[in-house]
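# Breakdown of the fold
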Amino acid sequence: MDEIKAIRRDEAERAATLGAEVRFLDAGDYQTLLYWLASFGGLLLVYGVATWLPTLMRGESYELGSALTFVVLFNLGGIVGMLLAGRAADSFGAPRISAIWFALTVPCVFLLSVHMPPAVTMTLVFLSEVFLNSAQTMIYAIFIGAAALRGARKAPSGSAAQELAGTH
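Worth saying up front: this structure is predicted, and the values here are computed from it rather than measured. (Residues numbered from 1 in each chain as written. Predicted model: local features only at pLDDT ≥ 70, side-chain atom pairs only at ≥ 80, totals over all residues. Heavy atoms only, no water.)

### A short note on a nonpolar patch on the surface
Here is the rule: Two joining distances apply to patches: 9 Å for like charges and 5 Å for nonpolar side chains (Val, Leu, Ile, Met, Phe, Trp, Tyr), and every residue must have over 30% relative accessible area and no salt bridge. All accessible areas in this document rest on Shrake-Rupley with a 1.4 Å probe, and a residue is counted as covered only by the protein chains that are shown. Each reported salt bridge corresponds to a side-chain nitrogen of Lys or Arg within 4 Å of a carboxyl oxygen of Asp or Glu. Here a helix means four or more residues in a row that DSSP labels H or I, a strand means two or more in a row labelled E, and each is numbered from the N terminus.
Taken together, Tyr30, Leu33, Leu34, Trp36, Leu37 and Phe143 make up a surface patch of nonpolar side chains, about 640 Å² in accessible area. Broken down by element, the residue count for the nonpolar patch peaks at five residues, all from helix H2 (residues 29–59).

Here's what the structure looks like:
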């Protein structure tokens, strides 16, 4: 028992001296970098589309009222997307669904640059947010879940962290 305490004390001292560098010393470096990139790209798309959507739609000669309707549909798509993504992630895994949904976002956002009838454009706006917002949110869930599991594995036996992660 004293050996375990000594090992934990040594690990804590090493972590304190290395600071943030400790996060890059385990085998999850590649995965962590990919999560950061996916999160950055997703946030760039979410906020870029949400900010510029009315301007882009006005540039495509839609009325201001229609352009604002696109923003409402964009946000409603996000709500529907969260509900669908949760179910899909439970069945097939959040990383897989997130990757697929980011890939499905690409044609939807690309097609927004083509002038089409308002009903088709509204459907594309809705679908783009169904996929985009929920894929971005799944990145958070994946990252937080991985961090919780990593912390629970290192936590003392019978701790609250292990109870929450189900690794006890």
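From this point, things continue past the structure.
### Quick word on the side chain of Ser134
Short version of the rule: Burial here depends on accessible area, computed with a 1.4 Å probe over protein chains only, as a share of the maximum for the residue type. Under 20% is buried, over 50% is exposed, and the range in between is partly exposed. Only heavy atoms enter the contact rule, under which two residues are in contact if any of them lie within 4.5 Å.
Within the fold, Ser134 resides in helix H5 (residues 118–154). When its relative accessible area of 1% is taken as the criterion, Ser134 is described as buried. Setting aside chain neighbours within four positions, we find Ser134 in contact with Gly81, Met82, Ala85, Trp101 and Glu129.

### Quick notes on the nonpolar core
What counts is decided by this rule: Take the buried Ala, Val, Leu, Ile, Met, Phe, Trp, Tyr and Cys residues and link them wherever side-chain atoms come within 4.5 Å; each set so joined is a nonpolar core.
By size, the foremost hydrophobic cluster in this structure holds 28 residues, and its most contacted members are Leu53, Met57 and Trp101. Secondary structure elements with two or more residues in this core: H2, helix H3 (64–92), helix H4 (94–111) and H5. Beyond its immediate stretch of four places on either side in the chain, Trp101 contacts Gly81, Leu84, Ala85, Val130, Phe131, Ser134 and Ala135.

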